[in-house]
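Here is how the chains run, residue by residue.
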Amino acid sequence: MGVWWGPAVRVLVLQAAWALVGGQVRYSVPEEAEAGTVVGRLAQDLGLEAVDPEARRLRLVAQGRRASVEVSGASGALVVSSRLDREELCGKSAPCALRLEVLVERPLRVFHVELEVTDINDNAPLFPAARKNLSIAELSLPGSRFPLEGASDADIGANAQLSYTLSPSEHFNLDLQKTEEDEESLFLVLAKPLDRETVAVHRLVVTASDGGRPPLTGTMEVVISVLDANDNAPQFNQSVYKVQLPENSDRGSLVITVNAADLDEGTNGNISYSVQHLFPQDRRDVFMINRKSGEIRLREKIDFEDVGLYRLQVDASDQGSPPLSGHCKVVLEVVDVNDNAPEVWVTSLSVPVPEDAAVGTVVALLSVSDRDSGANGRVRCAAWPPSPFGLVSTFAGSYSLVLRESLDRERVAEYEVEVRAEDGGAPPLRASRAVRVPVSDVNDNAPAFAQAVYTVLARENNAAGAELARLWARDPDEAGNGRVSYSVAEGGGGGAAAVVGGWRPASSYVSVDAESGRLWALQPLDYEEVQVLQFEVRAVDAGEPPLCGNATVQVFVVDENDNAPALLPAAGGGPWAGASGEAASSGPGSGALWAWAAWGAPAGQVVAKIRAVDADSGYNAWLRYELWEPREKGPFRVGLYSGEVSTARALEEADGPRQRLVIVVRDHGEPARSATATLSVSLVEGAEAALAAAGSSSSSSSSPSSSGAGLRPAAGAEGGAAAATTNVWLVVAICAVSSLFLLAVVLYGASRWAPRAAVLSGPGPATLVCASEVGSWSYSQRQSRSLCVADGAGKSDLMVFSPNFPPPPGPAAKETQPEPPALLDTVSGPPFLASRPFPLFASLARVALLARRLGRRWWEPGSAPGPAGGGCWSGA
């Protein structure tokens with residue numbers, strides 16, 4: 001045994017090396033090898049000797065059969081684990097090859113191993129029966145042939161090559177015949193006529209020997225009874241019947257009808273049929289035969305996958321005495337039909353799959369088989385839906401489920417892949433296997449706000465901690481990758497607010513809750529300090545690496561009426577002189593004012609102007625003036641929006657030397673706020689009023705902060721006052737003529753070279769916009785917009801009202817001008833927008849306005865000066 005084992009091992013090694021060169025690992029092992037026998041160094045042959053096989057987790061997967069081998073975890077060798085019986089595994093199939101799959105993890109790979117189990121002579125020939133009884137008529141002629149049932153050997157190859165010998169006999173010998181299909185028929189041949197009276201019973205031993213080394217044998221005893229009389233045996237019309245039958249034939253189906261004839265007459269010619277032998281022997285209950293007609297029918301269903309070929313021996317016996325028999329063979333070939341659907345198994349599954357997995361990643365390994373043969377056993381496989389996964393054939397009956405397209409967990413979080421198998425039969429049979437493939441999340445989506453810019457309106461004087469808005473950013477990722485935190489961006493232009501006196505970061509005014517995105521105020525907002533807060537809010541997820549998104553937030557502070565009107569002191573060096581000058585005050589911010597008026601002044605003459613300003617904006621800063629005292633109808637009235645105090649009628653001596661007026665200044669806020677001014681008007685002669693006004697103007701120019709006390713003429717100076725009045729008007733007339741000429745030249749040059757910086761052009765009819773402390777009106781239909789600038793304090797608000805009708809000239813018209821109906825628009829901007837024209841043109845406008853008013857006094861003696869108002873700079 002040892003001498004035989006050495007060459008066998010060398011053959012096995014050579015076969016394994018040849019298989020590796022051919023692209024598949026192939027080993028060979030003899031059957032009945034002891035458990036623990038090393039078949040081959042699998043890890044070494046697969047090129048895994050440098051890696052710990054146990055760490056790579058080598059696993060062996062057999063396809064449909066018990067492998068009886070395993071992979072040693074320590075050495076990576078393929079060893080025998082249990083008894084190997086080639087006849088049990090493969091039957092008569094040659095060669096006996098087991099297809100195995102070896103799975104290797106880290107990374108996942110599959111190798112195909114073919115293990116051939118070689119045959120050894122471990123099965124002796126076996127006859128169907130240990131004893132065979134034959135009845136032979138003594139009249140049988142020499143050369144008569146009597147069929148015997150040959151022996152069978154479960155081995156294959158040379159180990160199954162049988163030879164027969166017969167115990168010594170002078171009457172009989174053996175004849176072994178082979179057909180074209182390599183089938184063997186054993187016959188007992190009569191060599192010498194029998195004599196029943198000499199020997200009635202012959203006992204022979206037939207020995208069958210196989211071709212193994214050493215050979216094994218089997219024996220069968222043949223008992224031959226010599227019969228007398230009936231000397232003609234039944235004869236079949238053919239010795240071998242061949243028939244094909246589909247495997248799906250029903251029970252009772254006719255297989256074939258055999259026919260035999262007997263030349264004898266009477267009872268010696270009556271034939272009965274029987275099945276004497278069937279291969280395979282364990283299928284005796286499959287067929288039945290009609291003893292009279294010779295019809296062979298199915299008793300049980302046949303299956304091509306179990307047995308593909310049946311061999312039957314049919315005997316025809318007559319009723320002679322003794323009976324004679326004839327023999328024939330029936331070879332039944334079972335025809336395969338497509339009655340087995342494909343089978344699909346998942347041998348390995350790697351889930352979940354990251355959504356950033358590369359195309360070509362192996363997700364699962366599958367095995368497909370069909371028990372049918374030929375076209376019925378050829379299987380086609382496909383994955384449904386066809387994307388993003390597909391099948392790749394790696395070996396016969398083996399497939400890999402691979403990734404064909406990129407994944408997106410936010411679009412599809414889990415796939416239900418159906419592997420469909422279809423064979424080539426007609427009609428084809430199908431099978432399917434569902435594979436659930438979940439997709440794991442990676443941080444590939446940045447938080448995104450619903451809006452790129454958020455506009456928030458916040459009222460000033462809000463409470464600290466008040467909620468201004470709620471911001472929300474969506475991140476479609478899951479778990480930490482989709483958990484968003486919010487913050488106000490600092491630095492890099494993230495957010496700042498222009499305040500009085502400089503810039504402050506937006507984070508000093510507002511804050512955002514990191515989890516909820518709630519935007520709340522850190523302190524009360526003051527419109528007079530800041531009008532607009534613009535900053536960025538950043539949303540950052542908790543992924544690795546973190547991704548972020550930004551949104552711009554604009555917080556517009558809505559003005560509240562929280563500032564009362566404030567009275568302004570008299571402007572030094574104003575455009576008026578004498579009795580027509582502005583009301584003088586006793587100090588800055590004081591509510592006590594005084595002015596002069598001449599007796600005999602006509603109705604409509606302006607004697608003073610109340611100047612006030614409101615720190616609020618829009619309607620809250622739009623002021624109106626009301627005469628509170630005296631309540632009864634007096635000699636003076638106040639312009640509703642101009643603040644000009646003018647005569648309501650001609651002044652008389654009966655009005656007294658002094659008039660005390662209480663004027664209330666109110667804004668249009670809700671609720672309205674107000675301030676009160678007290679104006680004392682001294683009634684004097686015309687010359688005294690002019691001298692007092694001139695003195696007041698010179699005093700104001702030299703000392704703006706002086707008390708501005710009124711001047712009263714000395715006794716006996718009436719003649720000097722009259723002469724002074726004449727000289728004053730003469731000087732005024734000369735200045736007026738010169739100013740008009742100079743104004744014409746300047747306006748001509750300004751119309752040609754003046755810059756257009758203050759012209760606001762736009763579609764549709766343009767509007768002249770005039771702004772002053774008392775508000776603004778629009779009354780021009782020209783194709784440009786003009787900006788009118790008052791001589792009061794500059795403001796950053798431009799108010800536009802609907803143009804109902806142009807204001808008529810003259811003081812009376814201003815007194816009766818109706819209140820503008822509605823505020824159309826409010827334009828906010830830096831303070832320098834109100835003084836956009838160059839100082840030269842502003843001064844020219846003031847000189848032109850002064851000349852116009854003085855000229856009117858010159859050409860209309862006795863008339864009152866025009867109302868004080870804002871100068872107007874216009875651009876064509």
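Residues numbered from 1 in each chain as written. Predicted model: local features only at pLDDT ≥ 70, side-chain atom pairs only at ≥ 80, totals over all residues. Heavy atoms only, no water.

(A) Highlighting the overall build of the protein chain. Along its length, the protein chain carries eight helices and 57 strands. Sequence separation of 24 or more characterises 67% of the internal contacts of the protein chain that already satisfy a separation of 6 or more. Of the roughly 44200 Å² of accessible surface on the protein chain, 54% is carried by carbon and sulfur atoms. (Helix = DSSP H or I, 4+ residues; strand = E, 2+ residues; numbered from the N terminus. Contact = heavy atoms within 4.5 Å. Areas by Shrake-Rupley, 256 points an atom, 1.4 Å probe, with all protein chains shown as cover.)

(B) Representation of the nonpolar core in the model. Ranked by size, the top nonpolar core spans 28 residues in total, and within it Phe449, Leu533, Phe535 and Val553 carry the most contacts. Looking at this core, the elements with two or more residues in it are strand S33 (453-459), strand S34 (467-470), strand S36 (484-488), strand S39 (510-512), strand S40 (518-521), strand S41 (532-541) and strand S42 (548-558). Once residues within four sequence positions are removed from consideration, Val553 is found in contact with Tyr454, Val456, Leu471, Leu519, Leu533, Gln534, Phe535 and Val537. (Core = buried A, V, L, I, M, F, W, Y, C linked by side-chain atoms within 4.5 Å. Buried < 20%, exposed > 50% of the residue type's maximum accessible area, 1.4 Å probe, protein only.)

(C) Spotlight on the sheet that holds strand S2 (residues 38-40). Read from one edge to the other, the open sheet built from three strands follows the order S2-S5-S4, with strand pairing classed as antiparallel. The two strands at the open ends of the sheet, each matched to only one other strand, are S2 and strand S4 (69-71). When the angles between neighbouring strand axes are averaged without regard to direction, this sheet yields 35°. Where S2 lies against strand S5 (residues 78-80), two bridges are found, and the strand directions are antiparallel. Following the sheet pairing, Gly40 is matched in S5 by Leu78. (Pairing = 2+ DSSP bridges. Axes fitted to C-alpha atoms, helices over the stretch in contact; angles between N-to-C directions.)

(D) Representation of the pattern of salt bridges. Enumeration over the complete set of coordinates arrives at 22 salt bridges. Its salt-bridge partner being Lys178, residue Glu184 comes within 3.9 Å of it at the nearest N-O pair. One salt bridge connects Arg666 with Glu626, and the closest N-O pair in it is separated by 3.5 Å. Residue Arg666 is found in strand S51 (residues 658-667), and its partner Glu626 is found in strand S48 (residues 623-629); the two are separated by 40 residues along the sequence. Looking at Glu626, the relative accessible area reads 24%, which means it is partly exposed. A cluster of three or more residues bridged by salt bridges with shared partners is formed by Arg409, Glu410, Asp441 and Glu478. (Salt bridge = Lys/Arg side-chain N within 4 Å of Asp/Glu carboxyl O.)

(E) Structural view of the packing of aromatic side chains. This model, assessed by the stated rule, comprises nine aromatic pairs. Residues Phe389 and Tyr415 carry aromatic rings whose centres are separated by 5.4 Å and whose planes lie at 80° to one another, so their mutual orientation is edge-to-face. With Phe389 in strand S28 (residues 389-395) and Tyr415 in strand S30 (residues 414-423), this residue pair connects regions lying 26 residues apart in the sequence. Judged by its relative accessible area of 9%, Tyr415 falls in the buried class. On the numbers, 4.3 Å between centres and 90° between planes, the contact of Trp594 with Trp596 is edge-to-face. (Phe/Tyr/Trp six-rings, centres within 6.5 Å; stacked < 30°, edge-to-face > 60°.)

(F) The environment of Arg436, seen in detail. Note on placement: Arg436 falls in strand S31 (residues 430-440). On the basis of relative accessible area, Arg436 is assigned to the partly exposed category, the value being 45%. Put simply, Arg436 and Val351 are 85 residues apart on the chain and 8.6 Å apart in space, counted from C-alpha to C-alpha. Not counting the four nearest positions on each side in its chain, Arg436 is found in contact with Leu349, Val351, Glu414, Tyr415 and Glu416. Within polar-contact distance, the side chain of Arg436 engages the side chain of Glu414 at 2.7 Å. (Polar contact = N/O pair within 3.5 Å; in protein donor to acceptor, adjacent residues only side chain to side chain.)

(G) A look at the sheet that holds strand S17 (residues 254-257). Sheet architecture is open: three strands sit in the order S17-S21-S20, paired in antiparallel fashion. Looking at the sheet topology across the chains shown, the edges are occupied by S17 and strand S20 (287-289). Pairwise comparison of adjacent strand axes, ignoring direction, gives a mean angle of 20° for this sheet. In the sheet, S20 pairs with strand S21 (residues 295-298) via three bridges, with the strands oriented antiparallel. When the sheet's bridge partners are listed, Met288 is paired in S21 with Arg297.

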